[in-house]
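# Structural overview
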Amino acid sequence: MSRIVRAAAIQISPVLGDDGLGTARKVCQAIREAAEKGVKLAVFPETFVPYYPYFSFIQPAFRFGGEHLALYERAVVIPGPVTDMVAEAARQTGMVVVLGVNERDFGTLYNTQIIFDTTGEILLKRRKITPTYHERMVWGQGDGAGLKVVESAAGRIGALACWEHYNPLARYTLMTQHEEIHCAQFPGSLVGQIFADQMEVTIRHHALESGCFVVNATGWLTEEQIKEIAGDPALEGPLRGGCFTAIVSPEGKLLGTPLTEGEGMVIADLDFALITKRKRMMDSVGHYARPELLSLLQDRRAARTVHYVGEANQVPTSTDEAAS
């Protein structure tokens, strides 16, 4: 008997200008609303808490120092109040939650994806390996330690953020681990229609190539938020369009109607029998692979700025080390 999991790709707008917890509260409310619809897996947009750094796309770096510092003050420490809040919502609703946050690790911000299981446990905390274009002025780089698929109550889940999907080896790394559900996150309300068009091609192709479901969530900005972020009518245009919240089957088929404007959820039942159906024809890491010709080398070591030899009780140099 095939397994079926109901999933939701959630498109909502952040809460701007508060202490950073407002967006997290909105996430928890959306989790509860999804649970009422029978959802067992919910995916939220890229760095949704407290908000995506849209300012960095429309302003030169020397002008956005104040907004960058404000993001530091509102960013998420892991573990901390935001992760505690979302973990509790996941536990109460029995839902797997994939959330994008701006993570603060002492003096650096990271684009981080967190996967919470139905128990509230954090199964994975991974950082975007290479921030894109303007994002490099905002976030540090991640490492290979987070390029992994995890076993969750909803199935084997992998995750990538935005243009990481244009790194074929990053995608292949997750494919080799036999992901059943790929959780994709993009900012949304950015660049315009061409961004949404490119996103559709990207996620549908990954579904076909990996033979997995793709649940993709993009963010949304209201007109009021666009005006607030831009501060100048001439800068508002790049903050419109670019939303494509959708769910794709292993056969590349859109399940339900994608959401390109406004807040809402795309909900679909993921029938895992479709994974076997697709992979019977083409398994990129199995019978369709040629490992004697082409193979992948992955370095899973976490990046460290210091390595202690022969000394105990050292002060950790990052929250990652403190948690290890």
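Criteria and cut-off values
- Numbers given for residues are sequential positions, taken from 1 along each chain in its written order.
- Given that the model is predicted, a residue must reach a pLDDT of at least 70 before its local features are reported, and side-chain atom pairs must reach 80 or more before they are shown or counted; all residues, however, enter totals for whole chains, interfaces and linings.
- Side-chain figures throughout are based on the complete set of non-hydrogen atoms in the structure, without hydrogens or water.
- Starting at the N terminus, helices and strands are each numbered in turn, a helix being any DSSP run of H or I of at least four residues and a strand any DSSP run of E of at least two.
- Every radius of gyration here is taken over C-alpha atoms, with the globule rule written as 2.2 Å times N^0.38, N being the number of residues.
- Throughout this description, buried means an accessible area under 20% of the type-specific maximum (1.4 Å probe, protein chains only), exposed means over 50%, and partly exposed covers the range between.
- Whether two residues are in contact is decided by their heavy atoms: any pair within 4.5 Å suffices.
- Using the Shrake-Rupley algorithm and a 1.4 Å probe, accessible areas are obtained, with residue cover drawn only from the displayed protein chains.
- The charge count includes Lys and Arg as positive and Asp and Glu as negative, but it does not include His or the ends of the chains.
- Just so you know, the charge point we use is NZ for Lys, CZ for Arg, CG for Asp and CD for Glu.
- Polar contact criterion, stated in full: a pair of N or O atoms within 3.5 Å, where within protein one must be able to donate a hydrogen and the other to accept it, and residues adjacent in sequence count only if both atoms are side-chain atoms.
- Note on definitions: salt bridges are taken to be side-chain nitrogens of Lys or Arg within 4 Å of carboxyl oxygens of Asp or Glu.
- UniProt positions are given in the numbering used here, feature names are shortened, and annotations may be inferred rather than shown by experiment.
- Following DSSP output, two strands are said to pair if at least two bridges run between them.

## Structural notes on the overall build of the protein chain
- Assigned secondary structure in the protein chain consists of nine helices and eleven strands.
- Relative to its length of 324 residues, the protein chain is compact, with a C-alpha radius of gyration of 19 Å against a globular reference of 20 Å.
- In terms of principal-axis extent, the alpha carbons of the protein chain reach across some 55 × 55 × 40 Å.
- Within the protein chain, the fraction of its 324 residues that count as buried is 53%.
- A separation threshold of at least 6 residues defines the contact pool for the protein chain, and within that pool the share at least 24 residues apart is 72%.
- In the structure as shown, the protein chain presents an accessible area of about 14500 Å², 54% of it carried by carbon and sulfur atoms.
- Separation of charge centres in the protein chain, based on 31 positive and 38 negative side chains, amounts to 5 Å.

## Structural notes on the environment of serine 56
- Secondary-structure assignment places serine 56 in helix H2 (residues 55–58).
- C-alpha of serine 56 to C-alpha of phenylalanine 244: the two residues are 188 residues apart in sequence and 21 Å apart in space.
- Not counting residues up to four positions away in its chain, the partners in contact with serine 56 are Phe64, His134 and Val138.
- Here the side chain of serine 56 touches proline 53 through a polar contact of 2.7 Å, landing on its backbone oxygen.

## Regarding the pattern of salt bridges
- According to the stated counting rule, one finds 20 salt bridges in the structure shown.
- Lysine 227 is paired through a salt bridge with glutamate 236; the nearest N and O atoms lie 3.7 Å apart.
- Taking relative accessible area as the criterion, lysine 227 reaches 46% and is therefore assigned partly exposed.
- Judged by relative accessible area, glutamate 236 falls into the buried class, the value being 10%.
- Close ionic contact of glutamate 251 with lysine 277 constitutes a salt bridge, the shortest N to O distance being 3.3 Å. With glutamate 251 in the loop between strand S10 (246–248) and strand S11 (264–271) and lysine 277 in helix H8 (residues 273–281), this pair connects stretches of sequence that are 26 residues apart.
- Among the residues examined, lysine 277 registers a relative accessible area of 48% and is labelled partly exposed.
- Taken together, the salt bridges that share partners define one network made up of Glu103, Asp105, Lys125 and Arg127.

## Notes on unusual backbone geometry
- For the bond running from valine 49 to proline 50, omega is -5°, close enough to zero to count as cis.
- Turning to its location among the elements, proline 50 is positioned in the loop between strand S2 (41–43) and H2.
- Between isoleucine 78 and proline 79 the backbone carries a cis peptide bond, its omega angle lying at -5°.
- Tracing the sequence through the fold places proline 79 in the loop between helix H3 (65–74) and helix H4 (81–93).
- A positive phi is found at phenylalanine 106, a non-glycine position, where the angle reads about 55°.
- Positive phi, close to 60°, is recorded for histidine 178, a residue that is not glycine.
- With respect to the helices, strands and loops of the structure, histidine 178 is situated in the loop between helix H5 (168–175) and strand S8 (181–186).
- Residue class for histidine 178 comes out partly exposed when judged on its relative accessible area of 39%.

## Focus on the UniProt feature "domain: CN hydrolase" (unreviewed entry) in the protein chain
- As annotated by UniProt and renumbered to match this structure, "domain: CN hydrolase" (unreviewed entry) occupies residues 5–272.
- Each end of residues 5–272 is marked by a C-alpha atom, and these two atoms are 8 Å apart; helix forms 29% of the span and strand 25%.

## Concerning the pairing of strand S4 (residues 108–116)
- The buried count for S4 comes to eight of nine residues, which makes it a mostly enclosed element.
- Direction of pairing for strand S3 (residues 96–105) relative to S4: antiparallel, over a ladder of nine bridges. Paired with asparagine 102 across the bridge in S4 is asparagine 111.
- Joining the antiparallel neighbours S3 and S4 is a turn of two residues, in which phenylalanine 106 adopts a positive phi near 55°.
- Bridge count for S4 against strand S5 (residues 122–127) is five bridges, and the pairing is antiparallel. Within S5, the position partnered with threonine 112 by the bridge is arginine 127.
- What sits between S4 and S5 in their antiparallel hairpin is a turn of five residues, with glycine 120 showing a positive phi close to 90°.

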